[in-house]
Amino acid sequence: MIYLDIFISFFQIGLFSIGGGYAALPLIENQVLEVHKWLTIEEFADLLTISQMTPGPIALNASTFVGTKVAGLSGAVIATIGCVTPSCIIVLILSYFYFKYKNLSSVQGILKGLRPAVVSLIASAGISVLMLTIFKTEVTSLANIKLSDINFISIIMVAISVFILRKYKINPIKVMVGTGIIGILTYGLF
Amino acid sequence: MGKNIKFYWTLFSSAFSLSAFTIGGGYVIVPLMRKKFVEELKWIDDEEMLNLVAISQSAPGPIAVNASIMVGYRLAGVLGAFITTVGTVLPPLIIITAISKFYASFKENRVANALLLGMRAGVAAVIIDVIIKMSKDIIKSKNIISVTIMIVALIAAVIFEINAALIIILSGAFGAFYYNYLKKEGEHK
């Protein structure tokens, strides 16, 4: 049954993508291109492009994209449910233990070690987004950057946005919508 | 924090709007969540937010989904986790369903591309803002161990591209070892 196949495939993708982001990519490729042949190589490349341009984790984007193609809207819903089911089970179990034992001093020690590392992981994600923002083409090494590759409009937008966020504490979503509109005005019209 | 319809609606609409703006990788949801649940609603404190993110990162599955489940569970148990999960999966489900119908025209659309290029600058700014705030807190704590872990983890993630889950596990193990054994005797905490 096609729905069961979809569910099992995306359950596996959800279960084995540890470490977030693009860790899921090889798993999706294996399930969707090799095991089931649900997409062609071109469609898979399109999926990646769409995922980069739209919100949401790539595994969820893939769920909807593949599910829709194979079995319409119900396929998309089933793939999405399959993808988040392992998370729901495992994270709920972890949550249960975390809230039960978080005040134990041994657990406090672990958490005290974890927190600074998490700040750095967020920073490293921030650096990747920043690189994508300030260079027009994908930069593979810092040695061969040309001045013409640098996107000065974006750098100015980032700098002003950071200033506004630090100074006025406004809702970040408003800032993102604002830079989006400025993006249309500067990149879209000329 | 009364758990009435209004509370659950706020929880759902927060999860939905955070997910709708998580562009450019799962971690982007963390600064947005922090701003919403820590600064705006004041339902969770800063330290706990980082704990929740660390745990979401070590579990399998998309980090944005895992973090939503943890925040939902923390605020309203299993029902809360269910509500935030639904809120988080709906935006990609709706947007990709719409886009896969008009994909060819979307890919070539200059306005859509310009919008996304512009929004990316906003995303970068939001992350930078949160990193400044969080790293300041750690530096201000004057805890040499925390500052060292932060620097080492940054180098490991950015320069050596070590898997995030591994960094989490190692720093947790180090924390357990250092704070529970090496620092046991001597001053308290």
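Residues numbered from 1 in each chain as written. Chains lettered and ligands numbered in written order. Predicted model: local features only at pLDDT ≥ 70, side-chain atom pairs only at ≥ 80, totals over all residues.

1. Considering the overall build of chain A
Here is step 1: Tallying secondary structure elements over chain A gives seven helices and zero strands in all.
Here is step 2: Mapped in sequence order, the helices and strands of chain A form the string α-α-α-α-α-α-α.
Here is step 3: Expected size for 190 residues packed as a compact globule is a radius of gyration near 16 Å; at 21 Å, chain A overshoots this value by more than 25%.
Here is step 4: For chain A, the C-alpha atoms occupy an extent of roughly 55 × 55 × 35 Å along the three principal directions.
Here is step 5: Looking at chain A as a whole, 44% of its 190 residues qualify as buried.
Here is step 6: Taking as baseline every contact in chain A between residues at least 6 positions apart, the subset at least 24 positions apart corresponds to 44%. (Helix = DSSP H or I, 4+ residues; strand = E, 2+ residues; numbered from the N terminus. Rg over C-alpha atoms; globule rule 2.2 N^0.38 Å. Buried ≥ 20, exposed ≤ 12 C-beta atoms within 10 Å, placed from the backbone. Contact = placed C-beta atoms within 7 Å.)

2. Side note on the overall build of chain B
Here is step 1: Counting secondary structure elements, chain B contains eight helices and zero strands.
Here is step 2: Each helix and strand of chain B, placed in order from N terminus to C terminus, yields the pattern α-α-α-α-α-α-α-α.
Here is step 3: Judged by the C-alpha coordinates and their principal axes, chain B covers about 65 × 45 × 30 Å.
Here is step 4: Classification of the 189 residues of chain B by burial places 50% in the buried group.
Here is step 5: Of all intrachain contacts in chain B linking residues separated by at least 6 positions in sequence, the fraction that spans at least 24 positions is 49%.

3. Some details on the interface of chain A and chain B
Here is step 1: With 81 residues of chain A in contact, the opposing surface of chain B contributes 91 residues.
Here is step 2: Every element with two or more residues in the side of chain A that touches chain B is listed here: helix 1 (2-16), helix 3 (41-53), helix 4 (58-101), helix 5 (105-134), helix 6 (152-168) and helix 7 (172-188) of chain A.
Here is step 3: Ranked by residue count, the leading element in the side of chain A that touches chain B is helix 5 of chain A, at 25 residues.
Here is step 4: For the side of chain A that touches chain B, the class distribution of residues is 48 nonpolar, 29 polar and four charged. (Nonpolar A, V, L, I, M, F, W, Y, C, P; charged D, E, K, R; others polar.)

4. Description of the domain arrangement of chain A
Here is step 1: Along its sequence, chain A is organised into domain 1 (2-101) and domain 2 (105-188).
Here is step 2: The gap between the C-alpha centroids of domain 1 of chain A and domain 2 of chain A is 26 Å. (Domains from an automatic or database assignment.)

5. Looking at the packing of helix 6 of chain A against helix 7 of chain A
Residues and elements named next belong to chain A.
Here is step 1: Two elements in contact, helix 6 and helix 7, have axes separated by 11 Å at closest approach and are oriented at 155 degrees. In this view, helix 6 runs roughly antiparallel relative to helix 7, as classed from their interaxial angle. The crossing of helix 6 and helix 7 is right-handed. Contact with helix 6, carried on its side by Ile153, Met157, Ser161, Ile164 and Leu165, involves Pro172, Val175, Thr179, Ile182 and Thr186 of helix 7 and no other residues of that element.
Here is step 2: Residues that form the contact of helix 6 with helix 7 fall into these classes: seven nonpolar, three polar and no charged. (Axes fitted to C-alpha atoms, helices over the stretch in contact; angles between N-to-C directions. Parallel < 35°, antiparallel > 145°, perpendicular 65-115°, else oblique. Left-handed = near helix turned anticlockwise from the far one by under 90°.)

6. Let's talk about the nonpolar core
Here is step 1: Counting 102 residues, the largest nonpolar core has Leu121 and Ile122 of chain A together with Ala67 and Ile127 of chain B as its most contacted members.
Here is step 2: Of the residues forming this core, the biggest block, 16 residues, is contributed by helix 4 of chain A.
Here is step 3: If sequence neighbours within four positions are ignored, Ile122 of chain A has contacts with Tyr27, Val30, Ile127, Val130 and Ile131 of chain B. (Core = buried A, V, L, I, M, F, W, Y, C linked by C-beta atoms within 7 Å.)

7. Side note on unusual backbone geometry
Here is step 1: Phi is positive for Lys37 of chain A, which is not a glycine, with a value near 55 degrees.
Here is step 2: Mapped onto the secondary structure, Lys37 of chain A falls in the loop between helix 2 (25-35) and helix 3.
Here is step 3: The phi dihedral of Lys142 of chain B falls on the positive side, at around 55 degrees, and the residue is not glycine.

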